[in-house]
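In case you want the letters, here they are:
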Amino acid sequence: MTPLARSAAGPSATGWRPSFAWMKVLAAAPLSAKLGLFIVASYVAVAISAPWVSPYGEAEIVGSQFEPWSARFLLGTDNLGRDMLTRLVYGARNTVGIAFASTLLAFAVGGVLGIFSAVAGGWPDHLLSRAIDVLMAIPQLIFSMFLLTIFGMSVPVLIAVIALVDSTRVFRLARALAMNVVTMDYIDVARLRGESRLWIMRREILPNILSPLVAEFGLRFCFVFLMISALSFLGLGIQPPTADWGSMVRDNATLITYGDVTPLLPAGAIAVLTIGINYLIDWFLDKSSGLREGQ
Amino acid sequence: MMKPGILLDVSGLRIEGESGGQWQEIVKGVSFQLDRGEVLGLIGESGAGKSTIGLAALGYARPGCRFSGGQVRFEGRDLLHMPENELRRLRGMRIAYVAQSAAAFFNPAHRLIDQFIEVLAVHGFADHAAAAAKARNLYARLGLPDPAGFGQRYPHQVSGGQLQRAMIAMAMAGDPDLIVFDEPTTALDVTTQVGVLAAVRSAVRGSKTAALYITHDLAVVAQVADRIMVLRHGQTVEEAETQSLLHAPGQEYTRRLLASDPVIRPERAAECHLLEIDNLSASYGARRVLDAISIRVPKARTMAIVGESGSGKSTLARVITGLLAPDTGTLCLDGTVLAGGVDQRDRETLRRIQLIHQMPDTALNPRQKVSEILGRPLMFYKGIKSEAAAAQVAHLLEQVELSPALGDRFPGELSGGQKQRVCIARAISADPDLIICDEVTSGLDPLVAEGILDLLSTMQKQSGKTYLFITHDLKIVAAIADTVVVMKNGEVIEQNGRDAVLKNPLSSYTERLIESVPQMNSGWLDALIAREGADARNPEDRRFP
Amino acid sequence: MRNILVLIANRLATGMLTLWIVSLIIFLGVSALPGDIATEVLGQSASPETIVAFRTRLGLDLPLHERYFAWVSDILHGDFGISLANHRPIGELVFGRLSSTVDLAVLAAIMAVPLALGLGILAALYRNGAFDRAINLLTLTSVSFPEFFVAYVLILFLSVKAGLLPSLAGFSGGTVLGRIEGMVLPALTLTLVVVAHMMRMTRAALIGVLASPYIEMAKLKGVSPIGIVTRHALPNALGPIINVVVLNLAYLVVGVVVVEVVFVYPGLGQLMVDSVQKRDIPVVQACSLIFAATYIVLNLTADILATVTNPRLLHRR
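Source: prediction; values computed, not measured.

Chemist: Which residues make up the overall build of chain B, and what are the values?
Modeler: Within chain B one finds 23 helices and 20 strands. For 545 residues, the compact-globule estimate of 2.2 N^0.38 gives 24 Å, and the C-alpha radius of gyration of chain B, at 25 Å, lies within 12% of that figure. Considered along the principal axes of its C-alpha atoms, chain B spans approximately 70 × 50 × 45 Å. Within the span of chain B, comprising 545 residues, buried residues form 56% of the whole.

In structure tokens, the structure reads:
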């Protein structure tokens, strides 16, 4: 639908048009994007309904160690005799939830500071940018490990540390995107009108950088998710007895040397979700860049 | 079937372009013929498809474009169905291309002379020394400074006009039968344009080389073309000998193009001054861009500030509005001294000075509807509630001759002229005393630009607003200004009533500026070159030794 | 030419400054510990006298800035202090591990760089074709895999099922061949992880250059496709591509941590993970500093190489 056709439809049609258009866009999406959406939706569903769909309790020891797949334990038991399927389902909740919270926090901090830095210019921008440069000079995983050593390993600390480390990347992107907008004449117009800095950030800049930021949110989420999994795999992230996919792989890795694929399931769960999100974003970027050209 | 002399025969050419996944025809069946040694001018407004046609003469379609019908016959052979390797043999050697922005079309990684020699080398002429000698010859012929050493430079080391001439030299490397000039002077200042036009003429005059000269400026094409073809929306409007087209256009659209120079309004004397600028200096970092400027802006009149790029005229606008704080000097609006920076000015002061930008595309937030864009100043300055603002927005749109229904649209859904009208409406919604117009018509096609100028002058008659008109276009100055300030390198060269400046310029720079404006009669360039001699063609060469 | 030297000197100075601030962060971070190393090591039950003696031995009773300068000057002399866990000099511990890690990263780079550049250039040249789209989907999939997933899948198939390669790198005997054999699987894992990323960046860099007007001009001059790539695209894409390679090398050095743990490879990454678990803080400090320094130096190299290969910066007015 062309932009002109949309506005010609008039305000009376806008009540139901958007949702209809949205479905139409979805129907026209490539297979990979539909697959991505399906994956993300099912993960969210599983994460939310974990206590109801899982057969046992999260940390409940229900059998002996490393039991094989059976009718009682669909995916067998782990190194302590807990049900694998149950832990897999709870893992969705914990790993995804923590990654989501970290990404959200990283965007709140990095996004606001990045846009502020671009709008303020001058020495605040210079100072912030240099500080971020220094933080980014330390590799993320190493920096996280270092901070976790100092502040101890607990879920709030984990979220804060990952968010801090990741917010530097968000800052860079938000600042760069906002910089492109700040050079536009309409920002000068707003400044000349006497608008406050906050108004310029919120009303003039944010709407124009929202779609790349949303795409970046997906990408950063994947990255955070992989990093938390890696940390947990290393034994430095989410701590037992909380179920989480990274540590599940680590705890049961010995099974692989016997040719058992069970420990690969949580790893695969991580991979499938990130693939799904990546497919979705790929399509979203394609879509939003196409829209921008059309304008 | 073909006359023996015909070099290029384009018949029923159709080209499609892709936008948003759909193919639309952008060239709709264009035909013309070109004899050896002949120059055909292709003229039209933006979107007329003239550049696309020019590239088709090389058998080339840009990514996102495709040939969908017709033929382009070069010496009888259809370029549209020729294998790539045969096309390569023709391109550069027999048919050459001169692009609009030479800075982007030269490879930054190679010296100019190497890019010249490459044309000959890829077509099998291996004599490096001979090719280099040829380059130096052509550099000299096109009036480039230091022809022996010029080619040793990299593209970003020479000025815009010189680079454009270097590209013409490169096009002439293989003594081509046809050169396509794609708006070669559009991005240049008028005084620089003269040198490039002279180079174009020297490339095509008296040789057997034919040319397609693409431009949107009738006065420019009148200087070089034997025949002119007028294009609009991908179709031919008319084609005729240059003289007969200029003096007896056959179509209404051509007549309007010919008459698109703005209507001259009589000069009005100043009564009192609204803005007094005294001894104003400003810089970007360590670089001084305005140097001790003093200007008196008459109230309820239009003052034009003229200058070429780098003269500091747009910086002056930034300083007056407060976007750039001055180093020294004072600005005095209606007797009140203005604070330097925008942050130090109160809302009422900000309201009294409004700025209209050159590019409406970047001056309107693409994510805000027209009604929001116009409603915000009303609420901000006057505290008008949103319901009342809606009625006022409709009234504002009517004032700038737009339908109130457009309030519901986003800027991306408007045409260039409509967008600029919205910008004007936004400026007047603040009910300012001074409106600064920064090149407000230079991004627009001539017919649209004339409409904007009309609107501005009508509104001035009604409301008595003061305009400060920043422009590089002396035709606009001649039409609408009451007083004129000429700027160069951050200084005021001349300041006087319009008729005095244009008819009896005091400085030689102003004189040159006036002379360099292309005139519709086709003898203008010849006369100018004859009068000033070869050296005077390229004032920029003296600026950049 | 002088301009570019100034530019490089500038970058070097910034790099050094960054390194200095990072060392400050790593040093000061530890002093932000709740309690201090003494109680941390000796436990809550230790007598005040033991704690005081321990503090004096480690110099913890000195003011902060003196401790920092002592720490830095020791490090500059190759002395990283004493491990709390096994009381050995950290220098000995670290340098053997570091060279193992570098070996692994180099082996991975030898496999990954040519593969990624080749695939990236092909995808850019035939962009939007079937090959490009297939590669796009494939790399999108592969960047989504956690490193340990790739590692275990490789172990499952190449080691457990096919029995081609050892799954544990450390246990392959002392011969050079044995060592290399043990490094193949970890290096292959790293390659798979890094190739997708490097290839996508190469493709993007090259496509950016290929869309430039001067490439169109070359076509209109009749230059052949090979000439366009070699003479017109490559000189301008070289900087971005070198940048991509070096940045990914930096990533390799860090990405090695997880892979080393999976394959029980005796590298610096594994040492760091062990030390974090044991809260052996001086070792964590040393490892962090070495990783960070490597990363900074590689990034600095990328920056400088990008500067020297940029024609606009190389030939200033």
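Chemist: Go over the overall build of chain A, please, and point to the residues and values.
Modeler: Along the backbone of chain A there are twelve helices and zero strands. Starting at the N terminus and ending at the C terminus, chain A contains elements arranged as α-α-α-α-α-α-α-α-α-α-α-α. Expressed as lengths along the three principal axes of its C-alpha atoms, the size of chain A is roughly 70 × 50 × 30 Å. Relative to its 295 residues, chain A shows a buried fraction of 52%. Long-range pairs, those at least 24 residues apart, make up 69% of the contacts in chain A between residues at least 6 apart in sequence. Summed over its atoms, the accessible surface of chain A is roughly 13,000 Å², and 69% of this surface lies on carbon and sulfur atoms. Taken together, the 21 basic and 19 acidic charged side chains of chain A have centroids lying 8 Å from each other.

Chemist: Kindly report on the sheet that holds strand 1 (residues 6–19) of chain B, identifying the contributing residues and their values.
Modeler: Residues and elements named next belong to chain B. Sheet architecture is open: four strands sit in the order 2-1-4-5, paired in antiparallel fashion. Of all strands in the sheet, those bounded by a partner on one side alone are strand 2 (22–35) and strand 5 (77–78). Of the pairings in the sheet, the one linking strand 4 (residues 65–74) to strand 5 comprises two bridges and is antiparallel in character. From the neighbouring strand, Phe 74 faces strand 5, where its bridge partner is Arg 77.

Chemist: Residue-level account of the domain arrangement of chain B, with values.
Modeler: Residue and element names in this part refer to chain B. Structurally, chain B comprises domain 1 (6–258) and domain 2 (273–506). Here the C-alpha centre of domain 2 lies 37 Å away from the C-alpha centre of domain 1. Counting from both sides, the interface comprises nine residues of domain 1 and, opposite them, six residues of domain 2. Interface area for domain 1 against domain 2, summed over the two sides, is near 730 Å², with a carbon-plus-sulfur share of 46%. On the domain 1 side of the interface with domain 2, the three residues burying the most area are Glu 45, Asp 189 and Arg 256, jointly 54% of the side's total. The interface formed by domain 1 and domain 2 contains zero salt bridges. Between domain 1 and domain 2 we count three residue pairs in polar contact (both at pLDDT 80 or more) in total. For the side of domain 1 that touches domain 2, the elements supplying multiple residues, two or more each, are helix 8 (190–204) and helix 11 (252–258). Per-element tally for the side of domain 1 that touches domain 2: the top contributor is helix 11, with three residues. In terms of residue class, the side of domain 1 that touches domain 2 is made up of four nonpolar, two polar and three charged.

Chemist: Please give an account of the interface of chain A and chain C that cites residues and values.
Modeler: Listed as interface residues are 43 residues of chain A and, on the opposing side, 44 residues of chain C. For the pairing of chain A and chain C, the buried interface totals around 3,600 Å² over both sides, and the portion due to carbon and sulfur atoms is 80%. Considering only the side of chain A, the residues that lose the most area to chain C are A:Ile142, A:Phe146 and A:Thr149, jointly responsible for 16% of the buried surface there. Our count for the chain A to chain C interface comes out at zero salt bridges.

Chemist: If you had to explain the UniProt feature "domain: ABC transporter" (unreviewed entry) in chain B to someone new, which residues and values would you point to?
Modeler: Taking the UniProt record as the reference, the feature "domain: ABC transporter" (unreviewed entry) is found at residues 8–258 and 275–514 of chain B. The distance separating the terminal C-alpha atoms of residues 275–514 of chain B is 27 Å; by composition the span is 41% helix and 26% strand.

Chemist: Can you explain the interface of chain C and chain B? Please cite residues and give values.
Modeler: Across the boundary between the two partners, chain C contributes 20 residues, which contact 28 residues of chain B. For the pair chain C and chain B, the two sides together bury roughly 2,300 Å², of which 58% comes from carbon and sulfur. Of the charged contacts in the structure, one is a salt bridge between C:Lys221 and B:Glu118, with a shortest N-O distance of 3.0 Å. Viewed at the interface, chain B and chain C are joined by eleven residue pairs in polar contact (both at pLDDT 80 or more). At the level of elements, helix 9 (213–220), helix 10 (225–262) and helix 13 (311–314) of chain C are the ones that each hand at least two residues to the side of chain C that touches chain B. Per-element tally for the side of chain C that touches chain B: the top contributor is helix 9 of chain C, with six residues.

Chemist: An account of the packing of helix 10 (residues 197–233) of chain A against helix 11 (residues 245–252) of chain A is requested, with residue identities and associated values reported.
Modeler: All names here are of chain A. Two numbers describe how helix 10 lies on helix 11: the axes approach to 7 Å, and their chain directions differ by 35 degrees. For the crossing formed where helix 10 meets helix 11, the hand is right-handed. Along its contact with helix 10, which presents Phe 225, Ser 229, Ser 232 and Phe 233, the element helix 11 presents Trp 245, Gly 246, Ser 247, Val 249 and Arg 250. In terms of residue class, the contact of helix 10 with helix 11 is made up of four nonpolar, four polar and one charged.

Chemist: Before we move on, can you summarise unusual backbone geometry with the specific residues and values?
Modeler: Here the residue pair A:Pro240 and A:Pro241 is connected by a cis peptide bond, since its omega of 5 degrees sits within 30 degrees of zero. Within the element layout of this structure, A:Pro241 appears in the loop between helix 10 and helix 11. Although it is not a glycine, B:Glu183 sits at a positive phi angle of roughly 45 degrees. Within the fold, B:Glu183 resides in the loop between strand 7 (178–182) and helix 8.

Chemist: Please give an account of the environment of B:Asn521 that cites residues and values.
Modeler: All names here are of chain B. Within the secondary structure, Asn 521 sits in the loop between helix 21 (508–515) and helix 22 (524–532). When its relative accessible area of 46% is taken as the criterion, Asn 521 is described as partly exposed. Along the chain, Asn 521 and Leu 316 lie 205 residues apart, while their C-alpha atoms are 35 Å from each other.

Chemist: With reference to specific residues and values, describe helix 17 (residues 416–429) of chain B.
Modeler: Residues and elements named next belong to chain B. Counted at 1.5 Å a residue, the expected span for helix 17 with its 14 residues is 20 Å, and the 20 Å between its end C-alpha atoms agrees. Within helix 17, twelve of the 14 residues are buried, which leaves it mostly tucked inside the rest of the structure. Just past helix 17, the residue Asp 431 takes up positive phi, approximately 50 degrees.

Reading the values: rules and limits
Residues numbered from 1 in each chain as written. Chains lettered and ligands numbered in written order. Predicted model: local features only at pLDDT ≥ 70, side-chain atom pairs only at ≥ 80, totals over all residues. Heavy atoms only, no water. Helix = DSSP H or I, 4+ residues; strand = E, 2+ residues; numbered from the N terminus. Rg over C-alpha atoms; globule rule 2.2 N^0.38 Å. Buried < 20%, exposed > 50% of the residue type's maximum accessible area, 1.4 Å probe, protein only. Contact = heavy atoms within 4.5 Å. Areas by Shrake-Rupley, 256 points an atom, 1.4 Å probe, with all protein chains shown as cover. Lys, Arg positive; Asp, Glu negative; His and termini not counted. Charge placed at Lys NZ, Arg CZ, Asp CG, Glu CD. Pairing = 2+ DSSP bridges. Domains from an automatic or database assignment. Buried area = accessible area lost by both parts, 1.4 Å probe. Salt bridge = Lys/Arg side-chain N within 4 Å of Asp/Glu carboxyl O. Polar contact = N/O pair within 3.5 Å; in protein donor to acceptor, adjacent residues only side chain to side chain. Nonpolar A, V, L, I, M, F, W, Y, C, P; charged D, E, K, R; others polar. UniProt positions renumbered as here; feature names shortened; annotations may be inferred. Axes fitted to C-alpha atoms, helices over the stretch in contact; angles between N-to-C directions. Left-handed = near helix turned anticlockwise from the far one by under 90°. Expected span 1.5 Å × (residues − 1).

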